[in-house]
Amino acid sequence: MADMDDTAIQRAADLIEDADALVVAADAGMGIDSGLPDFRGPGGFWTAYPALGRRGLEFYEVASPRTFETAPALAWGFYGHRLALYRQTSPHAGFGLLKGWGEQMFPGCRVFTSNVDGHFQRAGFSDDAITECHGSIHHLQCSRPCCGDVWSAEDFSPVVDDETCTLVNDPPKCPWCGAIARPNIMMFGDMGWIDRRSRRQESELRRWVDKATRIVVIEMGAGTAIPSVRHFSHELVVNHGARLVRINPKEPAVPTQHDVSIAGLALAALQAIAAAVAERQ
Ligand SMILES: [Zn+2]
């Protein structure tokens, strides 16, 4: 935090003060401060899943719909571990700061996240205010899929052997056809992801954005490798005149001189902005 640019922090506080509407845009880097692994960080995937490292399995190979056919206990070992981890982990304090700023604005706040962890809901954001562009691990769908149904994962409690990263108990089943169920998440090479829930969330977000004025986007931990979140932020800047605060330790460059670039992790940057906002009140 010591090397964070104070001018940028002050400008971010200005943008929050001047805004009527807040859009929170979050990618994998947002969860790091909650203690969640970033699979794309240095050695990230195999550090989090040493059993998969020993077998030489890459993230894209395990996070694939084909793995639910060829090695279902392994696929659910990986996703079951993540489901349990996300259920057990508390979102860091930055979530609460964002929520507080949103509550001071009218018409409030919306969230666009590629994270499937459900942590914005867990931090108290309304489900109606959240778009999960890559889906949610807390929802299931048929692996075939036989139909477009998406249902809650709350009845499923995975038991995973961490030594082998395999599911020990029975995997969830599709209630319609009996095939194995899978998380309602967009995976690698995924032709079967049912995006109905995400599309409905996004169309509601679009309607909200069309009506909102003076939008500030606070984007955190959004990489360029899978740029869904960065594209979304840029689109609001270009088409809706939004201002952007980009918080990113490695790729903080912003599209225009009106935007603010903060090289740092989400929690430290949000706390620095919150301190700047508080000094003025
Ligand atoms: Zn089915």
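Structure first, text after, so check above.
Below, the structure is looked at part by part. (Residues numbered from 1 in each chain as written. Predicted model: local features only at pLDDT ≥ 70, side-chain atom pairs only at ≥ 80, totals over all residues. Heavy atoms only, no water.)

1. As for the coordination of the zinc ion
Consideration 1: Coordination of the zinc ion by the protein is provided by Cys 142 (SG), Cys 146 (SG), Cys 174 (SG) and Cys 177 (SG), with metal-donor distances spanning 2.3 to 2.4 Å.
Consideration 2: If you look at the zinc ion, its four donor atoms make angles of 104 to 117° with each other, and the shape they trace is tetrahedral.
Consideration 3: Expressed as a motif, the donor residue spacing for the zinc ion is C-x3-C-x27-C-x2-C.
Consideration 4: The class for Cys 142 is buried, based on a relative accessible area of 1%. (Donors = N, O, S within 2.8 Å, 3.2 Å for Na, K, Ca; no water. Tetrahedral: all angles 85-135°; square planar, octahedral: opposite > 155°, others 65-115°. Buried < 20%, exposed > 50% of the residue type's maximum accessible area, 1.4 Å probe, protein only.)

2. Here we look at the nonpolar core
Consideration 1: Trp 101, Ile 218, Val 245, Ile 262 and Ile 273 are the most contacted members of the largest nonpolar core, which has 36 residues in total.
Consideration 2: Counting residues per element, this core draws most heavily on helix H11 (residues 266-279), which supplies eight residues.
Consideration 3: Setting aside residues no more than four positions away along its own chain, Ile 218 makes contact with Ile 16, Leu 22, Val 23, Val 24, Ala 25, Leu 98, Trp 101, Val 245, Ile 247 and Leu 270.
Consideration 4: One finds Phe 68, Trp 151, Cys 165 and Leu 167 within the second-largest nonpolar core, a separate group that totals 33 residues. (Core = buried A, V, L, I, M, F, W, Y, C linked by side-chain atoms within 4.5 Å. Helix = DSSP H or I, 4+ residues; strand = E, 2+ residues; numbered from the N terminus. Contact = heavy atoms within 4.5 Å.)

3. Side note on helix H9 (residues 196-211)
Consideration 1: With 16 residues, H9 should reach 22 Å at 1.5 Å per residue; the first-to-last C-alpha distance of 23 Å fits that figure.
Consideration 2: Within H9, the full set of buried residues consists of Arg 197, Ser 198, Gln 201, Leu 205, Trp 208 and Val 209. Seen along its axis, H9 keeps its buried residues to an arc of 100°; they face one direction. Of the exposed residues in H9, those oriented more than 90 degrees away from the buried face are Arg 196, Arg 199, Asp 210 and Lys 211. (Expected span 1.5 Å × (residues − 1). Arc of directions from axis to C-beta.)

4. As for the sheet that holds strand S8 (residues 181-185)
Consideration 1: Spatially, the three strands line up as an open sheet ordered S5-S4-S8, and their pairing is antiparallel. With one partner strand each, in any of the chains shown, strand S5 (150-152) and S8 form the two edges of the open sheet. The mean angle between the axes of side-by-side strands here comes to 50°, regardless of whether they run parallel or antiparallel.
Consideration 2: Here five bridges tie strand S4 (residues 135-142) to S8, and the two strands are oriented antiparallel to one another. (Pairing = 2+ DSSP bridges. Axes fitted to C-alpha atoms, helices over the stretch in contact; angles between N-to-C directions.)

5. Side note on the packing of helix H1 (residues 6-18) against H11
Consideration 1: Between H1 and H11, the least distance of the axes is 9 Å, while the angle of their chain directions is 65°. One way to sum up the angle between H1 and H11 is to call them roughly perpendicular. Crossing handedness for the pair H1 and H11: right-handed. Across the interface between the two elements, Ile 9, Gln 10, Ala 12, Ala 13 and Ile 16 of H1 pack against Ala 269, Ala 272, Ile 273, Ala 276, Val 277 and Glu 279 of H11.
Consideration 2: In the contact of H1 with H11, the residues fall into nine nonpolar, one polar and one charged. (Parallel < 35°, antiparallel > 145°, perpendicular 65-115°, else oblique. Left-handed = near helix turned anticlockwise from the far one by under 90°. Nonpolar A, V, L, I, M, F, W, Y, C, P; charged D, E, K, R; others polar.)

6. What about the sheet that holds strand S2 (residues 108-113)?
Consideration 1: Read from one edge to the other, the open sheet built from six strands follows the order S3-S2-S1-S9-S10-S11, with strand pairing classed as parallel. This sheet does not close on itself; its edge strands, each paired only once, are strand S3 (130-132) and strand S11 (260-262). Direction aside, neighbouring strands of the sheet carry axes that sit 15° apart on average.
Consideration 2: Judged from the six bridges that link them, strand S1 (residues 21-26) and strand S9 (residues 215-220) form a sheet pairing that is parallel. Of the residues in S9, the one forming a bridge with Ala 25 is Glu 219.

7. Remarks on the layout of surface pockets
Consideration 1: Empty space within the largest pocket amounts to approximately 900 Å³.
Consideration 2: Residue lining of the largest pocket: 41 residues in total, with Asp 27, Ala 28, Gly 29, Asp 38 and Arg 40 positioned closest to the centre.
Consideration 3: The element contributing the most residues to the lining of the largest pocket is helix H6 (residues 72-88), with three residues.
Consideration 4: The volume enclosed by the second largest pocket comes to roughly 170 Å³.
Consideration 5: Per element, the largest residue contribution to the lining of the second largest pocket is four residues, and it comes from helix H5 (residues 65-70).
Consideration 6: In the lining of the second largest pocket, the residues fall into four nonpolar, three polar and five charged. (1 Å grid on protein atoms, 1.4 Å probe; cavity = no way out; pocket = protein on both sides within 12 Å on 5 of 7 lines; lining within 4 Å. Points joined across faces, edges and corners; volume = space filled by probe spheres on them.)

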